[in-house]
Amino acid sequence: MKFIKKWGISFIIGIAAICISPPAKAAENPFVDVSPKDAHYQAIVELFDKGIVEGTSSKTFEPYKAVTRKEAALFIVNALQFDTFDGEDPGFKDVPKSSKYYGAIAVLSQKKIISGYPDGTFKPNHLLTRSQIAKMLSLAFELDISKNTTTPFEDVNTIQDIPTRQYIQTLVDYKITTGTTPTTFSPYQSLTRGQLATFLKRAIDAVDAANFEFIGVE
């Protein structure tokens, strides 16, 4: 039986190179408030090392601090390596072009992953909820949106907005979330910076796994 490898010969060469390369150096943790005992430790350190997330200072990450809309936009764009120079001006009154978050917000707005408010603002400093990040990640990572409108979470199944349920179920399908408990997702609870790091790492891993097709050769 034949199997087709997505990357063919280049994949085999790459694997061979990996096998003979020295082991990669473990990422260093610069944050005094992030301990190996923390649930989000690995995601924070790995994504910081890759330039995807950043601390609130050179020595702190504040993993249990609620994440803002602008921070989430920046981290998602960093994770997906979107070209922020191609983003059209979204015209948000409270996001000046001088802001370091402007490019990330502009490109996500252009891709219709985020949107502003009727008054022409984006409210970049407002906190992000767990249900909002479900939509952002589903759209940004181009995940296959679940057709299931029933989730494992009692507090999600009562939500009237069906797409919100589907976005949350999508994160379940891709093993990006397991909820705050086995039966709750806490959709209106603010998302923390540590939780966002973990969600992003799992989303990256899920997409990498989905894009990988094992190839056998005869």
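Residues numbered from 1 in each chain as written. Predicted model: local features only at pLDDT ≥ 70, side-chain atom pairs only at ≥ 80, totals over all residues. Heavy atoms only, no water.

## Overview of the packing of aromatic side chains
What counts here: Stacked, tilted and edge-to-face are the three classes applied to pairs of Phe, Tyr and Trp rings, where Trp contributes its six-membered ring and a pair requires centres within 6.5 Å; stacked means planes under 30 degrees apart, edge-to-face means over 60, and tilted covers the rest. Helix numbering and strand numbering both begin at the N terminus, where a helix is a DSSP run of H or I of at least 4 residues and a strand a DSSP run of E of at least 2. A simple rule labels every residue: compare its accessible area, found with a 1.4 Å probe on the protein chains alone, to the largest value its type can have, and call it buried under 20%, exposed over 50%, or partly exposed in between.
In total, this model carries four aromatic pairs according to the counting rule given. When the ring of Phe 92 is compared with that of Phe 122, the centres are 5.3 Å apart and the planes differ by 35°; the resulting orientation is tilted. With Phe 92 in the loop between α3 (69-80) and α4 (102-110) and Phe 122 in the loop between α4 and α5 (130-140), the pair connects residues that are 30 residues apart, well separated along the chain. On the basis of relative accessibility, which here comes to 12%, the residue Phe 92 falls in the buried class. Among the aromatic side chains, those forming a connected cluster through ring pairs are Phe 31, Phe 48 and Phe 61.

## Focus on the pattern of salt bridges
Two side chains carrying opposite charge are able to pair once their charged atoms lie near each other. Just so we agree on the cut-off: By salt bridge we mean one thing: a side-chain nitrogen of Lys or Arg within 4 Å of a carboxyl oxygen of Asp or Glu.
Going through the model one piece at a time under the given rule, you end up with seven salt bridges. Two residues, Glu 54 and Lys 100, come together in a salt bridge whose shortest N-O distance is 2.6 Å. Of this pair, Glu 54 sits in the loop between α2 (41-49) and α3 while Lys 100 sits in the loop between α3 and α4, placing them 46 residues apart in sequence. Since its relative accessible area comes to 27%, Glu 54 is described here as partly exposed.

## Section: helix α7 (residues 162-173)
Helical geometry note: an α-helix holds 3.6 residues per turn, so side chains three or four residues apart project in the same direction. Using the following cut-off: To estimate the expected span of a helix, count its residues, drop one, and scale the result by 1.5 Å. Contact criterion: two residues are considered in contact whenever any of their non-hydrogen atoms come within 4.5 Å of each other.
Between its first and last C-alpha atoms α7 spans 16 Å; for 12 residues at 1.5 Å apiece the expected length is 16 Å, and the two agree. Within the span of α7, buried status applies to Thr 164, Arg 165, Gln 166, Tyr 167, Ile 168, Gln 169, Thr 170 and Leu 171. If you follow the buried residues of α7, they end up packed against α5 and α6 (154-157). In the segment just after α7, Lys 175 is the residue with positive phi, at about 60°.

## Thoughts on the packing of α5 against α7
In plain terms, the rule: To get an axis, a line is fitted to the C-alpha atoms, and for a helix only the part in contact is used. The angle between two axes follows their N-to-C directions and goes from 0 to 180 degrees. An angle below 35 degrees is treated as roughly parallel, one above 145 as roughly antiparallel, one from 65 to 115 as roughly perpendicular, and anything else as oblique. Whether a crossing is left-handed or right-handed is set by the direction in which the near helix is turned from the far one by less than a right angle, anticlockwise for left-handed and clockwise for right-handed. In this classification, the charged set is Asp, Glu, Lys and Arg, the nonpolar set is Ala, Val, Leu, Ile, Met, Phe, Trp, Tyr, Cys and Pro, and all remaining amino acids, among them Gly, are polar.
It is the contact of α5 with α7, at a shortest axis distance of 8 Å, that shows an interaxial angle of 70°. Judged by the inter-axis angle, α5 sits roughly perpendicular to α7. For the crossing formed where α5 meets α7, the hand is left-handed. Contacts between α5 and α7 involve Ser 131, Ala 134, Lys 135, Leu 137, Ser 138 and Leu 139 from the former and Thr 164, Tyr 167, Ile 168, Thr 170 and Leu 171 from the latter. Taken together, the residues of the contact of α5 with α7 sort by class into six nonpolar, four polar and one charged.

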